[in-house]
Amino acid sequence: MRSSTRRRASPSRSFWGSPSDNPETFRRNFERARRLPCALRVYHCVVLLSGLMVRSPSEHRLDDDPVSLKMISCTGWSETALAAECGFLSRQVSLQGGRAGEFFWTFPPPR
């Protein structure tokens, strides 16, 4: 008997709101990722003690929420731009049958 195994595509992951990014490149990468035949998980950038908080250069101008550690603004992302992308992702996840939480948006594979 021949066994056929079908490999499922692993979800693609995207983190946005980091100082090395901006709204235009994020949106371009988001659209490209949505064309892949797999689910997509998008996470809001957070400023972790062992990461950006201690290793990021001062020119990145990090501003994060002291309780949630969520990025509020940084080089490449104004507070308004981050809020706009949260709105965009929330609308898209609703339209595409995904789900969202405070720090993430999960999209099913494209049909």
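Up top is the structure these notes are about.
Residues numbered from 1 in each chain as written. Predicted model: local features only at pLDDT ≥ 70, side-chain atom pairs only at ≥ 80, totals over all residues. Heavy atoms only, no water.

This part takes up helix H3 (residues 79-95). Taking 1.5 Å per residue as the helical rise, H3 with its 17 residues ought to reach 24 Å, and the 25 Å between its terminal C-alpha atoms agrees with that figure. Along H3, the positions that sit buried rather than exposed are Ala81, Leu82, Glu85, Phe88, Leu89, Gln92 and Val93. Down the axis of H3, the buried side of the element spans an arc of 125°, and every buried residue falls inside it. Seen from the open side of H3, the exposed residues pointing more than 90 degrees away from its buried face are Glu79, Thr80, Ala83, Arg91, Ser94 and Leu95. Backbone geometry just downstream of H3 places glycine 97 in the positive-phi region, at approximately 75°. (Helix = DSSP H or I, 4+ residues; strand = E, 2+ residues; numbered from the N terminus. Expected span 1.5 Å × (residues − 1). Buried < 20%, exposed > 50% of the residue type's maximum accessible area, 1.4 Å probe, protein only. Arc of directions from axis to C-beta.)

Counting 18 residues, the largest nonpolar core has Trp16, Phe30, Val42, Leu89 and Phe107 as its most contacted members. Counting only elements with at least two residues in this core, the list comes to helix H1 (23-34), strand E2 (40-44), H3 and strand E6 (104-107). With five residues, H3 is the single largest residue contributor to this core. Filtering out sequence-adjacent residues up to four positions away, valine 42 remains in contact with Ser14, Trp16, Phe26, Phe30, Leu89, Phe103, Phe104, Trp105 and Phe107. (Core = buried A, V, L, I, M, F, W, Y, C linked by side-chain atoms within 4.5 Å. Contact = heavy atoms within 4.5 Å.)

We now examine the packing of aromatic side chains. For any pair of aromatic rings, geometry is given as the distance between the ring centres together with the angle between the planes. Summed over the entire model, instances satisfying the criterion amount to seven aromatic pairs. Seen from their ring centres, tryptophan 16 and tryptophan 105 are 5.9 Å apart, and the 55° between their planes marks the pair as tilted. Here tryptophan 16, found in strand E1 (residues 12-16), pairs with tryptophan 105, found in strand E6; they are 89 residues apart in sequence, far enough to count as distant. Judged on exposure class, the residue tryptophan 16 and its partner tryptophan 105 are both buried. Site record: aromatic cluster; members linked through ring pairs are Trp16, Phe26, Phe30, Trp77, Phe88, Trp105 and Phe107. Directly above the ring of phenylalanine 88 sits arginine 27, whose terminal nitrogen or CZ lies 3.5 Å from the centroid. A cation over an aromatic ring shows up here: lysine 70 above the ring of phenylalanine 103, its NZ or CZ 5.2 Å from the ring centre. (Phe/Tyr/Trp six-rings, centres within 6.5 Å; stacked < 30°, edge-to-face > 60°. Lys NZ or Arg CZ within 6 Å of the ring centre and 35° of its normal.)

As for its position among the elements, glutamine 92 is in helix H3. Note on glutamine 92: relative accessible area 18%, which makes it buried. A polar contact is formed between the side chain of glutamine 92 and the side chain of glutamine 96, at a distance of 2.8 Å. When near neighbours in sequence (up to four residues on either side) are disregarded, glutamine 92 contacts Phe30 and Phe107. (Polar contact = N/O pair within 3.5 Å; in protein donor to acceptor, adjacent residues only side chain to side chain.)

Further remarks concern the sheet that holds E1. Reading across the sheet, the four strands line up as E1-E2-E6-E5 and stay open at both edges, with mixed pairing between neighbours. Only two strands of the sheet have a single partner each, and these edge strands are E1 and strand E5 (99-100). With two bridges connecting them, E5 and E6 associate as antiparallel partners. Residue pairing across strands places alanine 100 opposite tryptophan 105, the latter belonging to E6. Those strands touched by H1 are E1, E2 and E6, and its axis lies near 155° from that of E2. (Pairing = 2+ DSSP bridges. Axes fitted to C-alpha atoms, helices over the stretch in contact; angles between N-to-C directions.)

Interpretation in functional terms is not warranted from these geometric data alone.
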